[in-house]
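In case you want the letters, here they are:
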Amino acid sequence: MLKWVDKLGYNCIINKIMKVKFWGTRGSIPSPGKNTVKYGGNTTCVEVIPKNGKEIIIDAGSGIRLMVDKIISEGIKEISLLLTHSHWDHIQGFPFFTPIYNDNFSLNIYGVSPTFERLLDILKGQMDFIYWPVKFEHIGANVNFKKIDNSGISIDNVKINSIMTNHPLETHAFKFEESGKVFIFMTDNELDHLHTAKVPYKKHLEFVKDADVLVHDAQYKKEEMKKFKGWGHSSWQEVVSFAKKAGVKKLYLTHYDPDRNDLEVDKIIKEANKMAGDSLTVRGAIEGESFEI
Ligand SMILES: [Zn+2]
Ligand SMILES: [Zn+2]
């Protein structure tokens, strides 16, 4: 990794590879405590650092608060924040991400049309004075809002495309492509192979086909799905089967149910690898851990 500071004072980094780090892996609500120490209790936040070193963050769940030290200590002055949707567990950390109060900081907020405006209204609305002392309009950072449309976007040489998931509120998964490597983040998605869903199973299969790494929602177990059908989350068994069919090389399970303890997740990962066979590796997303692609 090469690091330097350019003429404008921006920190520049060049990685040889794409890096991804989990800052929040929990679904629905933060769940700290002795039972969730290993996999983590913070809600969704994932950092993607492409080869060019630009800072990309997916979702602003409570995990984003843990990133503040890194942003300050590394002198990072610009980030791109991609939002999957506006459920609490994906935006509630935003007001606690203190670089946004610095007027030397730039924030590019990306979401997928056509509900982008509503997503922003909710992101800003959670900072209304009855919930939070500083209004969004007063945060200081230079904020740019950017829509991702059907043709996708590029952040420098990283191509980013999206697809809608099956979730009660419009939600999107993101695909990152750089130098022939493919990373997909797909959470809050109820896989439905019966083709009764808003987005057919086939479309999701095409989207993740041959990905190097897929991170997917695995909030439930198969036996729990009867109770939670239509809630917009998948069983780990359904996710493993999906990843195998799509030819994914490595799968990370995430968005754990808040009641799922570490021992249960350990057991799930073990069973998932048995089911996956030799062609697919399954890991559990762990808060604070990273991987390279
Ligand atoms: Zn969620
Ligand atoms: Zn959700």
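Conventions and cut-offs
Residues numbered from 1 in each chain as written. Chains lettered and ligands numbered in written order. Predicted model: local features only at pLDDT ≥ 70, side-chain atom pairs only at ≥ 80, totals over all residues. Helix = DSSP H or I, 4+ residues; strand = E, 2+ residues; numbered from the N terminus. Rg over C-alpha atoms; globule rule 2.2 N^0.38 Å. Buried ≥ 20, exposed ≤ 12 C-beta atoms within 10 Å, placed from the backbone. Contact = placed C-beta atoms within 7 Å. Pairing = 2+ DSSP bridges. Axes fitted to C-alpha atoms, helices over the stretch in contact; angles between N-to-C directions. Core = buried A, V, L, I, M, F, W, Y, C linked by C-beta atoms within 7 Å. Arc of directions from axis to C-beta. Right-handed = clockwise from strand over helix to strand, strands pointing away. Left-handed = near helix turned anticlockwise from the far one by under 90°. Nonpolar A, V, L, I, M, F, W, Y, C, P; charged D, E, K, R; others polar.

### Overview of the overall build of the protein
Within the protein, the regular secondary structure consists of seven helices and 16 strands. Taking 2.2 N^0.38 as the reference for a compact globule, 293 residues should give roughly 19 Å; the C-alpha atoms of the protein span a radius of gyration of 18 Å, in line with that estimate. Considering only C-alpha atoms, the protein reaches an extent of 50 × 45 × 40 Å along its principal axes. Counting every position in the protein, which comprises 293 residues, the buried fraction comes to 42%. For the protein, restricting intrachain contacts to residue pairs at least 6 apart in sequence, the fraction spanning at least 24 positions comes to 68%.

### Re unusual backbone geometry
Positive phi is not limited to glycine here, since Asp156 has a value of about 50°. Within the secondary structure, Asp156 sits in the loop between β9 (153-155) and β10 (158-164).

### So, the sheet that holds strand β16 (residues 290-292)
Ordered in space as β8-β7-β6-β5-β4-β3-β16, the seven strands form an open sheet in which the pairing is mixed. Sheet topology places β8 (142-148) and β16 at the edges, where each strand pairs with a single neighbour. Strand-to-strand twist across the sheet, computed as the mean angle between neighbouring axes with direction ignored, equals 20°. Pairing geometry for strand β3 (residues 19-24) and strand β4 (residues 45-49), over five bridges, is antiparallel. Paired with Val20 across the two strands is Val48, which belongs to β4.

### Description of the nonpolar core
Among the nonpolar cores identified, the biggest contains 64 residues, and Ile184, Leu214 and Leu253 are the most heavily contacted of them. Leaving out residues up to four positions away in the same chain, Leu214 has contacts with Ile184, Met186, Val208, Ala243, Val248 and Leu251.

### Observations regarding helix α4 (residues 201-208)
Turning to α4, its buried residues number three or more, namely His204, Phe207 and Val208. Buried residues in α4, looked at end-on, bunch into an arc of 85°, giving them a common side. Among the exposed residues of α4, those oriented more than 90 degrees off its buried face are Lys202 and Glu206. In this structure, the buried side of α4 is in contact with β10, β11 (172-178), β12 (181-186), β13 (213-217) and α6 (236-246). Two residues or fewer after α4 comes Asp210, characterised by a positive phi angle close to 60°.

### A look at the pairing of strand β7 (residues 106-112)
Looking along a regular strand, one sees side chains alternate from face to face of the sheet. Summarising burial for β7: five of the seven residues are buried, a large majority. The pairing of strand β6 (residues 78-82) with β7 spans five bridges and is classified as parallel. In the strand pairing of β7, Ser80 is matched with Asn108. The pairing of β7 with β8 spans seven bridges and is parallel. Looking across to β8, one finds that Leu107 is bridged to Val143. Handedness of the crossover is the feature at issue here: the chain leaves β7, passes through helix α3 (residues 116-125), returns alongside β8, and the resulting connection is right-handed.

### What about the pairing of strand β5 (residues 55-58)?
The alternating pattern of β5 places Glu55 and Ile57 on one face and Ile56 and Ile58 on the opposite face, and all of these are buried. Across three bridges, β4 lies against β5 in antiparallel orientation. Across the sheet, residue Glu47 finds its bridge partner in β5, namely Ile57. Where β5 lies against β6, four bridges are found, and the strand directions are parallel.

### Notes on the packing of α6 against helix α7 (residues 262-276)
Look at α6 against α7: their axes get within 10 Å of each other, and the N-to-C directions meet at 35°. As α6 runs across α7, the sense of the crossing is right-handed. Here Trp236, Gln237, Val240 and Lys244 of α6 lie close against α7, whose contacting residues are Ile268, Ala272, Met275 and Ala276. Tallied by class, the residues present in the contact of α6 with α7 amount to six nonpolar, one polar and one charged.

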